[in-house]
Amino acid sequence: MNAHDSEKVVGTLLARGYSQVETPEAADLVLYNTCSIRDKAEQKVFNRLQNFKRQAGKGKVFGVLGCVAQQEGEKIFDRAPHVSLVAGSASYTKLPEMLVQLEAGNRRVTGLSLDTEETFDTPFTRRDNPHRAYITIIEGCDKSCAYCVVPFTRGPERSRTSESVMAEARRLAESGYSEIQLLGQNVNSYRDPSPEGWDFATLLARIAEIRGIRRVRYTTSHPRDFTRAIVDAMDANPVLCNHVHLPVQSGSSRVLAAMQRLYTRDDYMRRIDWIKSSRRNMALTTDIIVGFPGETEADFEQTLDLLDQVQYDSLFSFKYSPRPNTSALAMEDKIPDEEKTRRIMILNEKQRAIQIRRNADLIGNVEEVLVEGYNQATGQWIGRTSQNRTLNFTHLTGDAASLAGVYMHARVTRAGPNSLAGESVANVF
Ligand code: SAM
Ligand code: SF4
């Protein structure tokens, strides 16, 4: 989501006549987009700003964007006096006005309001990838997970109209993009604000019907709002990629209640059963937090047991990190860092073994891949399957033309924990 925010900001700047340079050193204006989901990410921002400081005074202007900007606000000016702009993502609609102020020499420009009804809907987006394009369908979050800073940094939930989302998707298809990735903190709670009133499953189905779109992905889903209608839509149209990212956070219903996740382990497993009973072979991935306050060894073992039960294709694991404003900050029974480290290592080791087995099961399969690039060192093309796996493959027809952006078929001949390897089997489609 941050990568796509940066694309929108770059597009807005280009439309105002700015041009992009390769390095911060070469730039007159440096806008630094930031994440504050965990403390480590936030610390990096201040270290980096410190490095930028050495370049200040050479006429350069610095700005901080994103969640750290929203969270720390004007305090950033105290910690890094060489910064001139501080703006959270909910204020990006006002970026053109803020740029006018910066250009006029204003040294303290802020965009920190969260009470916006608007979404940052810009026609100027400058996209990094020529084949896959992100589309934001919903911004902000109305949940209040006890550990999470997002509702404080990205504001309340706002859905874009289906008309505006569909128009952007059609424009992208016409300009040659074949893969669309729908973005939101909780895409399943999408609700079209226009009279059509589409829900997320309807939006998915309609986007998948657009001519020229060959793959549609979405992230992230909140299990509470994940409906059977979404699985039915995916079953009905193979353009919707067979991958669901469904963050569980913990396998213990007791911890889920403390996290205020609004579902139990059984509720979550019901969704997993829907997905697994689909006609298509869906890949499943998740997010897990270890060491949430009060998480006992027995709770953690339930998370390990959940991994055995679900057999995820991959997961993101995090050590719980206390965040400002969140309700978990005041909770007792903090888990020491060494214990969090022990748990995350056990978790990752277990998941690695699962991935080795699951990937090995694919040996011999022929998969459709979208080619993303070429690895000179290995002599292999890099492809991505519908299940979102990386499949590196050789292609021996001898033509040196770039295959990037092309859909091909490749047979899996080897498998590791994080990727597959193989060889192309058919002509270019
Ligand atoms: N909206 C998504 C959801 O509800 O699943 C997730 C958004 S968050 C940007 C991505 C992941 O970061 C979460 O799923 C969670 O696992 C992790 N995360 C969020 N806050 C965290 C914290 N305070 N400490 C550790 N991990 C955290
Ligand atoms: Fe954070 Fe929970 Fe909202 Fe996801 S649903 S962004 S974890 S508050």
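Each remark here, short or long, concerns the structure printed above.
Residues numbered from 1 in each chain as written. Chains lettered and ligands numbered in written order. Predicted model: local features only at pLDDT ≥ 70, side-chain atom pairs only at ≥ 80, totals over all residues. Heavy atoms only, no water.

### Focus on the site of ligand 2
Next up, step 1: Taken together, C141, K143, C145, Y147, C148, V150, P151, Q185, H222 and R261 are the residues near ligand 2.
Next up, step 2: Tallied by class, the residues present in the shell around ligand 2 amount to six nonpolar, two polar and two charged. (Near = heavy atom within 4 Å. Nonpolar A, V, L, I, M, F, W, Y, C, P; charged D, E, K, R; others polar.)

### So, the sheet that holds strand 14 (residues 380-385)
Next up, step 1: Taken together, five strands build a closed barrel; the order of strands is 13-14-15-17-16 and the barrel is mixed. When strand polarity is set aside, the average angle formed by the axes of neighbouring strands in this sheet is 50 degrees.
Next up, step 2: As defined by bridge partners, strand 13 (residues 366-375) adjoins strand 14 across six bridges and the pair is classed as antiparallel. Paired with Y374 across the strands is W381, a residue of strand 14. (Pairing = 2+ DSSP bridges. Helix = DSSP H or I, 4+ residues; strand = E, 2+ residues; numbered from the N terminus. Axes fitted to C-alpha atoms, helices over the stretch in contact; angles between N-to-C directions.)

### Describing the pattern of salt bridges
Next up, step 1: Taken as a whole and assessed by the stated rule, the structure comprises 30 salt bridges.
Next up, step 2: Here E139 ties to R158 by a salt bridge, and the two come within 3.1 Å at their closest N and O atoms. With a gap of 19 residues between them, E139 in strand 6 (residues 138-139) and R158 in strand 7 (residues 158-159) connect regions that are remote in the sequence. As far as burial versus exposure is concerned, E139 and R158 are alike and both buried.
Next up, step 3: The structure contains a network of salt bridges with shared partners spanning R132, E179, R217, E372 and R384. (Salt bridge = Lys/Arg side-chain N within 4 Å of Asp/Glu carboxyl O. Buried < 20%, exposed > 50% of the residue type's maximum accessible area, 1.4 Å probe, protein only.)

### Description of the nonpolar core
If you look at soluble globular proteins, the nonpolar side chains tend to sit buried side by side.
Next up, step 1: Of all hydrophobic cores here, the largest spans 56 residues; its most connected members are I137, L182, F200, Y218 and F226.
Next up, step 2: Per-element accounting of this core gives the leading share, six residues, to helix 8 (residues 200-208).
Next up, step 3: For Y218, the contacting residues outside a window of four places in its chain are L182, V187, F200, L204, F226, I230, M234 and V244.
Next up, step 4: Residues A27, F46, V68 and V86 belong to the second largest nonpolar core, which totals 16 residues. (Core = buried A, V, L, I, M, F, W, Y, C linked by side-chain atoms within 4.5 Å. Contact = heavy atoms within 4.5 Å.)

### Some points on helix 12 (residues 297-310)
Next up, step 1: Across its 14 residues, helix 12 extends 20 Å between first and last C-alpha, which sits within 8% of the 20 Å expected from 1.5 Å per residue.
Next up, step 2: All of the buried residues along helix 12 are D299, F300, T303, L304, L306, L307 and V310. For helix 12, the angular spread of the buried residues around the axis is 150 degrees, confining them to a single face.
Next up, step 3: Along its buried surface, helix 12 packs onto helix 10 (253-258), helix 11 (265-276), strand 11 (283-290), strand 12 (314-319) and helix 13 (337-360).
Next up, step 4: Q311 sits one or two residues past helix 12 and shows a positive phi near 60 degrees. (Expected span 1.5 Å × (residues − 1). Arc of directions from axis to C-beta.)

### Observations regarding the site of ligand 1
Next up, step 1: Within the structure, ligand 1 sits among 15 residues, and Y147, Q185, Q249, D287 and S321 are positioned closest to it.
Next up, step 2: Within the backbone of Q185, one N or O atom sits 2.7 Å away from a nitrogen atom of ligand 1.
Next up, step 3: Taking D287, its side chain carries an N or O atom lying 2.6 Å from an oxygen atom of ligand 1.
Next up, step 4: Protein chains shield 89% of the accessible area of ligand 1, which is 570 Å² for the free molecule.
Next up, step 5: When contributions to the shell around ligand 1 are tallied by element, the ones reaching two or more residues are strand 11 and strand 12.
Next up, step 6: Considering only residue class, the shell around ligand 1 consists of six nonpolar, four polar and five charged. (Polar contact = N/O pair within 3.5 Å; in protein donor to acceptor, adjacent residues only side chain to side chain. Areas by Shrake-Rupley, 256 points an atom, 1.4 Å probe, with all protein chains shown as cover.)

### Some details on the packing of aromatic side chains
Next up, step 1: All chains considered together, the criterion is met by seven aromatic pairs.
Next up, step 2: Measuring from centroid to centroid gives 5.1 Å for F200 and Y218, while their planes differ by 75 degrees, and the two rings are edge-to-face. Here F200, found in helix 8, pairs with Y218, found in strand 9 (residues 215-219); they are 18 residues apart in sequence, far enough to count as distant.
Next up, step 3: Exposure remark for F200: the relative accessible area of 2% places this residue in the buried category.
Next up, step 4: Pairing Y374 with W381 gives two aromatic rings, centres 4.7 Å apart and planes at 55 degrees, and the pair type is tilted.
Next up, step 5: Using a relative accessible area of 37% as the deciding quantity, one classes Y374 as partly exposed.
Next up, step 6: Classification of W381 by relative accessible area gives buried; the value is 11%.
Next up, step 7: Taken together, the ring pairs connect Y32, F52 and F62 into an aromatic cluster.
Next up, step 8: Taking the ring centre of F46 as reference, the NZ or CZ of R79 above it sits at 3.6 Å.
Next up, step 9: In this structure, R206 is placed above the aromatic ring of W198, and the distance from its NZ or CZ to the ring centre is 4.9 Å. (Phe/Tyr/Trp six-rings, centres within 6.5 Å; stacked < 30°, edge-to-face > 60°. Lys NZ or Arg CZ within 6 Å of the ring centre and 35° of its normal.)

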